[in-house]
Amino acid sequence: MQFVKAHAARFYAVAVALFALVAHYVPELPTELALGLVAAVLGVGEAVQRTEDKKTAQAYATDPRN
């Protein structure tokens, strides 16, 4: 789980890219399913953003001379 937290943005990018490919190459995919996945992707994106913000805040709080 620590590995996923450390690389959350990368996992998110891969998942979104895979969803886009599936949506493009599977035209018979139900619209309701696609819209539900889009909503889920937006929610996960918010969580990933918060994780990255925490890492940035920790980096700013760390003294670079140590």
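Conventions and cut-offs
- Residues numbered from 1 in each chain as written.
- Predicted model: local features only at pLDDT ≥ 70, side-chain atom pairs only at ≥ 80, totals over all residues.
- Heavy atoms only, no water.
- Helix = DSSP H or I, 4+ residues; strand = E, 2+ residues; numbered from the N terminus.
- Rg over C-alpha atoms; globule rule 2.2 N^0.38 Å.
- Areas by Shrake-Rupley, 256 points an atom, 1.4 Å probe, with all protein chains shown as cover.
- Lys, Arg positive; Asp, Glu negative; His and termini not counted.
- Charge placed at Lys NZ, Arg CZ, Asp CG, Glu CD.
- Phe/Tyr/Trp six-rings, centres within 6.5 Å; stacked < 30°, edge-to-face > 60°.
- Buried < 20%, exposed > 50% of the residue type's maximum accessible area, 1.4 Å probe, protein only.
- Salt bridge = Lys/Arg side-chain N within 4 Å of Asp/Glu carboxyl O.
- Expected span 1.5 Å × (residues − 1).
- Contact = heavy atoms within 4.5 Å.

K.L.:
Sorry if this is basic, but what is going on with the overall build of the protein chain here?
P.N.:
Counting its secondary structure elements, the protein chain contains 3 helices and 0 strands. Secondary structure elements of the protein chain, listed N to C terminal, follow the sequence α-α-α. Here the C-alpha atoms of the protein chain give a radius of gyration of 16 Å, more than 25% beyond the 11 Å that 2.2 N^0.38 yields for 66 residues. If you line up the protein chain on its principal axes, its C-alpha atoms span 55 × 20 × 15 Å. In the form shown here, the protein chain has an accessible surface area of approximately 5,500 Å², with 67% of it arising from carbon and sulfur atoms. When the 6 positive and 6 negative side-chain charges of the protein chain are each reduced to one mean point, those points stand 13 Å apart.

K.L.:
What is the right way to read the packing of aromatic side chains from this model?
P.N.:
Aromatic rings in a pair are described by how distant their centres are and how their planes are angled relative to each other. Counted by the stated rule, this structure contains 1 aromatic pair. Measuring from centroid to centroid gives 6.0 Å for Phe3 and Phe11, while their planes differ by 80 degrees, and the two rings are edge-to-face. Judged by its relative accessible area of 54%, Phe3 falls in the exposed class.

K.L.:
Would you mind going over the pattern of salt bridges with me for this structure?
P.N.:
Summed over all chains, the structure comprises 3 salt bridges. Residue Glu52 pairs with Lys55 through a salt bridge whose shortest N-O separation is 3.1 Å. Here Lys55 and Glu52 lie together in helix 3 (residues 31–61), a separation of 3 residues that amounts to about one turn.

K.L.:
Just checking my understanding: could you explain helix 3 for this structure?
P.N.:
An α-helix turns once per 3.6 residues; consequently, residues spaced three or four apart project the same way. The end-to-end C-alpha distance of helix 3 is 45 Å, a good match for the 45 Å that 31 residues give at a rise of 1.5 Å each. Inspection of helix 3 places Ala34, Gly45 and Val48 among the buried residues, and these make up the whole buried set. Residues of helix 3 that are buried in the fold lie against helix 2 (8–25).

K.L.:
Would you mind going over the environment of Val48 with me for this structure?
P.N.:
Note on placement: Val48 falls in helix 3. You can call Val48 buried: its relative accessible area is 11%.

K.L.:
Any chance you could explain the environment of Phe11 here in plain terms?
P.N.:
Here Phe11 is to be found in helix 2. A relative accessible area of 41% places Phe11 in the partly exposed class. For Phe11 and Val48, which are 37 residues apart along the polypeptide, the C-alpha to C-alpha distance reads 9.4 Å. Phe11 has contacts with Phe3 and Val4, leaving out every residue within four places of it along the chain.

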